[in-house]
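# Coordinates in review
So you can see what is in the structure, the chains are spelled out below.
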There are 2 protein chains.
Amino acid sequence: MLLLYHTQMSVPSRFVRLVLAEYKAGAELSEILPWERPDNFLLINPAGTVPVLRENDGPPVCGASVIAEYLDETRGYALGARRLLPDYPNQRAEVRRLIHWFLVKANEESAQFFLEEKIYKRMRRPTEGGGSPDSNILRAARANLKIHLNYIAYLAERRNWLAGEHFSYADLAAGALLSSIDYIGEVPWEKEPVVKEWYQRIKSRPAFRPILSDSLKGIPPANHYVDLDF
Amino acid sequence: MLLLYHTQMSVPSRFVRLVLAEYKAGAELSEILPWERPDNFLLINPAGTVPVLRENDGPPVCGASVIAEYLDETRGYALGARRLLPDYPNQRAEVRRLIHWFLVKANEESAQFFLEEKIYKRMRRPTEGGGSPDSNILRAARANLKIHLNYIAYLAERRNWLAGEHFSYADLAAGALLSSIDYIGEVPWEKEPVVKEWYQRIKSRPAFRPILSDSLKGIPPANHYVDLDF
């Protein structure tokens, strides 16, 4: 049995949910809020971060890219030609570079600002750092997002999927990033036809369905969030 | 032929130099200063970060953990029982968790502050952000380092090497972290006998020699930096 500690809107957590769904590996979900660091969770991951995966009574597997490697090692072979990490070291290095790009760099430069300003600040009480969004931060996040959308377009124009010929973890990482920002309605799709076309392809995969049915109490998704034809 | 783009004192770069030395894989070194982002380097790694490894005319392998995976895939098998990533997925996940802990978390919370305040600020002109170290930042870095030294001691007391029975990438990652801070003389060895004993074991490995002969122009290492019996 798999148990995933995650934060619903967080990009690395969403990436792992997408990956698990691609493997058709059902997992029980346990939600951790990013500003809480419950003591019993620190015993599982002393870094206090999600996602963390546990399989049966095995040791915790901590961090999105570590989980991706673990799932490839334990289940990748069963996917055959649809394996999410390619066979050759050079190609694997390119997928891993892009996992880091989308889950760390792009996430820290864009998604995390949107989530903090437009979701987490609304979920917390004023005494816990809650409040209204800072428009300067949102402006910076939008400018940074533009650069990352350009980069996705650059890759999508030159390759069949983002890391090369085959669908891979790289697409799921970029998909997790945009799904989280799209929930908040901050992806300017009309200006990004190439990115939109790539995202339509990934959004229509069965593995995307659980992510698309996410809904936060009191903070519903943008209107087009669930539409495959947006 | 291997070519490594690196920054001499940077923890992730030092980690890769240690790893290459463990594989006895000679590499040509090309130094990149962290506050410069030369245009031709951005063509190699659009993130602008080191380390980056190139093998022959192959594509760039970007990032310390991505390079570690690449070297394990292309050379790990040849190390036999001395392989730096263990054989089992759970154990590999633990090594990867600790690579991230030391190269990212501990590095960002301690080493990067020491390097910026005590080395890079001295290397840059005042117009480039050079100047004298900020004692508040150094104080915070020392407090954070204390926590990470405690964590290394915690692991070293319970395990033969940091990730388990065998020497692994986890030890090299923690070794890279401490070597960089030790150059500046900021590791309080006298207060950390358990960490010191573990570090003495790793410091005496032949792979450590190139790191120990590092010397920055005008900023020599702490007196005991090269001593195996410090």
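Throughout, residues of each chain are indexed from 1 in the direction in which the sequence is written. Here the convention is simple: chains get letters from A, ligands get numbers from 1, in the order in which they are written. Where totals are concerned, whole chains, interfaces and linings use all residues; where local detail is concerned, this predicted model gives features only for residues with pLDDT of at least 70, and gives and counts side-chain atom pairs only at 80 or more. Side-chain measures here rest on the full set of heavy atoms in the structure, leaving out hydrogens and waters.

### So, the interface of chain A and chain B
Let me state the cut-off plainly: Should any heavy atoms of two residues lie within 4.5 Å, those residues are counted as being in contact. For any pair of parts, buried area is found by adding up, for both, the accessible area (1.4 Å probe) each one loses once the two are put together. Just to be clear on terms, a salt bridge is a Lys or Arg side-chain nitrogen sitting within 4 Å of an Asp or Glu carboxyl oxygen. Helix and strand assignments follow DSSP, with helices taken as H or I runs no shorter than four residues and strands as E runs no shorter than two, numbered in order from the N terminus. When residue character is reported, Ala, Val, Leu, Ile, Met, Phe, Trp, Tyr, Cys and Pro are called nonpolar, Asp, Glu, Lys and Arg charged, and the others, Gly included, polar.
In this complex, chain A contributes 19 residues to the contact, which on the side of chain B involves 19 residues. With both sides pooled, the region where chain A packs onto chain B buries about 1800 Å², and carbon together with sulfur makes up 65% of that total. Looking only at chain A, the three residues that lose the most surface to chain B are Glu-73, Asn-90 and Arg-96 of chain A, adding up to 26% of its buried area. For the pair chain A and chain B, the number of links is 6 salt bridges. In this structure, Glu-69 of chain A engages Arg-96 of chain B in a salt bridge whose closest nitrogen and oxygen atoms are separated by 3.8 Å. Elements supplying a minimum of two residues to the side of chain A that touches chain B: strand S4 (61-62), helix H3 (64-75) and helix H4 (89-123) of chain A. Looking at the side of chain A that touches chain B element by element, the count peaks at 8 residues for H4 of chain A. Considering only residue class, the side of chain A that touches chain B consists of 11 nonpolar, 2 polar and 6 charged.

### Remarks on the environment of Ser-110 of chain A
All names here are of chain A. Rules: Note on exposure labels: buried denotes an accessible area under 20% of the residue type's maximum, exposed denotes more than 50%, and partly exposed covers the range between, all computed with a 1.4 Å probe on protein chains only.
In this structure, Ser-110 sits in helix H4. Taking relative accessible area as the criterion, Ser-110 reaches 0% and is therefore assigned buried. Note: C-alpha distance between Ser-110 and Gly-175 (65 residues apart in sequence) is 14 Å. The residues contacting Ser-110, other than those within four sequence positions of it, are Ala-141, Leu-145, Leu-177 and Ile-181.

### Section: the pattern of salt bridges
Across all of its chains, the model carries 40 salt bridges over all chains by this definition. One salt bridge connects Arg-125 of chain B with Glu-128 of chain B, and the closest N-O pair in it is separated by 3.3 Å. Under the relative-accessibility criterion, Arg-125 of chain B is labelled exposed at 55%. On the basis of relative accessibility, which here comes to 38%, the residue Glu-128 of chain B falls in the partly exposed class. Three or more residues joined by partner-sharing salt bridges are found here, namely Glu-69, Asp-72, Glu-73, Arg-83, Arg-92 and Arg-96 of chain A together with Glu-69, Asp-72, Glu-73, Arg-83, Arg-92 and Arg-96 of chain B.

### Some thoughts on the environment of Leu-2 of chain B
Positionally, Leu-2 of chain B belongs in strand S1 (residues 2-6). Taking the C-alpha atoms as reference points, Leu-2 of chain B and Arg-75 of chain B, 73 residues apart in sequence, are found 13 Å from one another.

### A few points about the packing of helix H1 (residues 11-22) of chain A against H3 of chain A
Residues and elements named next belong to chain A. Our working rule: Interaxial angle, 0 to 180 degrees, is taken between N-to-C directions of lines fitted to C-alpha atoms, where a helix line uses only the stretch in contact. Note that the term roughly parallel is reserved for angles under 35 degrees, roughly antiparallel for angles over 145, roughly perpendicular for angles of 65 to 115, and oblique for everything else. Working rule for handedness: look at the near helix, and if it is turned counterclockwise from the far one by less than a right angle, call the crossing left-handed; if clockwise, right-handed.
The geometry of H1 relative to H3 is characterised by a closest axis approach of 9 Å and an angle of 15° between their N-to-C directions. On the basis of their axis angle, the class for H1 and H3 is roughly parallel. For the element pair H1 and H3, the recorded crossing hand is right-handed. Together, Pro-12, Phe-15, Val-16, Val-19 and Leu-20 of H1 and Ala-64, Ile-67, Ala-68 and Leu-71 of H3 make up the contact between the two elements. Residue composition of the contact of H1 with H3, by class: 9 nonpolar, no polar and no charged.

### Remarks on the domain arrangement of chain A
All names here are of chain A. Applicable threshold: Residue ranges labeled as domains rest on an automatic or database domain assignment. N or O atoms within 3.5 Å of each other form a polar contact, as long as, within protein, one can give a hydrogen and the other can take it, and as long as residues adjacent in sequence are counted only when both atoms are side-chain atoms.
When the domains of chain A are assigned, the result is domain 1 (2-82) and domain 2 (89-212). Averaged C-alpha coordinates put domain 1 and domain 2 at centres separated by 19 Å. With both chains or domains summed, domain 1 and domain 2 bury close to 2200 Å², and 70% of this area falls on carbon and sulfur atoms. Viewed at the interface, domain 2 and domain 1 are joined by 6 residue pairs in polar contact (both at pLDDT 80 or more). Elements that contribute at least two residues to the side of domain 1 that touches domain 2 include exactly H1 and H3. In terms of residue count, the dominant contributor to the side of domain 1 that touches domain 2 is H1 (9 residues). A class-by-class count of the residues in the side of domain 1 that touches domain 2 yields 14 nonpolar, 3 polar and 5 charged.

### Describing the relation of the copies chain A and chain B
To keep things clear, this is the line we draw: Least-squares superposition aligns the copies on the C-alpha atoms of those residues with pLDDT at or above 70 in both.
Least-squares fitting of chain A to chain B yields an RMSD of 0.0 Å, with the transformation described by 0.0 Å of translation along the axis and a rotation of 180°. Accordingly, the operation relating the two chain copies is best matched by a two-fold axis. When the interface residues of chain A are mapped onto chain B, 100% of them again fall at the interface, so both copies present the same face.

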